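Examining the three-dimensional arrangement
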Amino acid sequence: MNRNKKIFANGIHDGIPIALGYFAVAFSLGIVAKKAGLNPFQGFLSSILNHASAGEYAEFTVIMANAPYFEMAFVILVTNIRYLLMSCALSQKFDCGTALGHRLLVGFGITDEIFGISVGKPGILNPYYSYGAMVIALPGWALGTAMGVVAGNVLPVSVVSALSVALYGMFVAIIIPAAKTSKVVGGVILVSFLASFVVSRIHLFDSLSDSMKISLLTVLIAGAAAILFPLKAETGQESEPEEGAEARNPEEEEAEPESKTGKRTKRNQSRKRG
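Parameters and conventions
- Residues numbered from 1 in each chain as written.
- Predicted model: local features only at pLDDT ≥ 70, side-chain atom pairs only at ≥ 80, totals over all residues.
- Heavy atoms only, no water.
- Helix = DSSP H or I, 4+ residues; strand = E, 2+ residues; numbered from the N terminus.
- Buried < 20%, exposed > 50% of the residue type's maximum accessible area, 1.4 Å probe, protein only.
- Contact = heavy atoms within 4.5 Å.
- Areas by Shrake-Rupley, 256 points an atom, 1.4 Å probe, with all protein chains shown as cover.
- Core = buried A, V, L, I, M, F, W, Y, C linked by side-chain atoms within 4.5 Å.
- Patch = residues over 30% accessible without salt bridge, like charges linked within 9 Å, V, L, I, M, F, W, Y side chains within 5 Å.
- Salt bridge = Lys/Arg side-chain N within 4 Å of Asp/Glu carboxyl O.
- Phe/Tyr/Trp six-rings, centres within 6.5 Å; stacked < 30°, edge-to-face > 60°.
- Lys, Arg positive; Asp, Glu negative; His and termini not counted.
- Polar contact = N/O pair within 3.5 Å; in protein donor to acceptor, adjacent residues only side chain to side chain.
- pLDDT = per-residue confidence, 0-100.

As for the overall build of the chain
Of regular secondary structure, the chain possesses 12 helices and 0 strands. Expressed as a percentage of its 274 residues, the buried residues of the chain come to 32%. Looking at the chain alone, contacts between residues at least 24 apart form 79% of all its contacts between residues at least 6 apart. Summed over all atoms, the accessible surface of the chain reaches about 18,100 Å², with 65% contributed by carbon and sulfur.

Next up, the structure:
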């Protein structure tokens, strides 16, 4: 229990910069939410349940168009489909005995930044670390949206745009340490940037949503990296004996010195008799 509390506190510590970035960026969401007719509480509720800016923009657009609920659900599903891949990837870092409830809760609170700091933790991931990041970051996102509904229109457009840049800078700060640690990760990140830029310039992909493009690129690039640069399995087992070497029984090894000692004793006895 004490270990989980410590890990939870570490998650809160690492989630504070994310919360500050979310609070700043969500002001622009609040402006759109107000145009869609939402009050501050509705904006807060929307952001605490939907943790993606692209998904919320799509949600507010559908609300302004007076579209049916089915269309809203479908649009949000397509827009946020990349989190399906992130949740699957993050589940591989859990211990095999991690309960289904923990997996579902972490999957519900996954965001780009929370995924970044969680997947970057070395070794087995304790879900309480993700909980700590979620409990501070997600309310910051929701409060920022609510404050944007109240005061977003008061701020100049240039200020709102400047606040939005903070999130991209924070995300870069998350991936740079991993890129410094591993050349493979750095290469994959560079290829991802270039591929995203190229795809954004090809009109053939204009019919796909940004989230769908990200999801497809993630599968292709991550799959290629996994095939070309597989991780070595970490095993704590002792090395097996080489081929051709006979495995020796510990009892036989213990018996061997005793047999040698017995032979020496018999020789000494025969010398004395002689």
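From this point on, the discussion continues.
Structural notes on the nonpolar core
Considering soluble globular proteins, one finds that nonpolar side chains tend to be buried as a cluster. Counting 30 residues, the largest nonpolar core has Phe60, Leu90, Ile110, Ile114 and Trp141 as the members making the most contacts within it. Of all the elements in the fold, those that place two or more residues in this core are α1 (2-35), α5 (82-91), α7 (112-119) and α8 (127-151). Aside from chain neighbours lying at most four places away, what touches Trp141 is Tyr22, Val25, Ala26, Leu29, Ser47, Asn50, His51, Ala52, Ser53 and Glu56.

Here's the deal with a nonpolar patch on the surface
A contiguous nonpolar surface patch, about 430 Å² in accessible area, is contributed by Phe41, Leu45, Leu49 and Phe108. Per-element accounting of the nonpolar patch gives the leading share, 3 residues, to helix α2 (residues 40-49). Counting through the fold element by element, Phe108 comes out in helix α6 (residues 100-108). Taking the relative accessible area as the measure of exposure, Phe108 reaches 44% and is therefore partly exposed.

Describing the packing of aromatic side chains
As enumerated under the stated definition, the model contains 3 aromatic pairs in all. Ring geometry for Tyr22 against Trp141: centres 5.1 Å apart, planes inclined by 75°, an arrangement best described as edge-to-face. Residue Tyr22 is found in helix α1, and its partner Trp141 is found in helix α8; the two are separated by 119 residues along the sequence. Here Tyr22 and Trp141 have matching classes, each one buried. With centroids separated by 5.7 Å and ring planes inclined at 85°, the aromatic side chains of Phe23 and Phe27 adopt a geometry described as edge-to-face. You can see Phe23 and its partner Phe27 sitting in helix α1, 4 residues apart, about one turn around the helix. Among the residues examined, Phe27 registers a relative accessible area of 10% and is labelled buried.

Quick word on the side chain of Glu113
For Glu113, the location among the structural elements is in helix α7. For the buried Glu113, which has no salt bridge, the nearest side chain bearing the opposite charge is Arg82, at an N-O separation of 7.6 Å. For Glu113, the side chain forms a polar contact with the side chain of Tyr22, separated by 2.5 Å.

Quick notes on the confidence of the model for the chain
Atom-level detail of predicted coordinates should not be read off regions where pLDDT is low. The pLDDT averaged across the chain works out to 79; a share of 78% of its residues lies at or above 70. Mean pLDDT across the secondary structure elements of the chain bottoms out at helix α12 (residues 250-273), with 51, and peaks at α2, with 92. Confidence over residues 234-255 falls short of pLDDT 50; this stretch has 2 contacts with residues more than four positions distant or in other chains.

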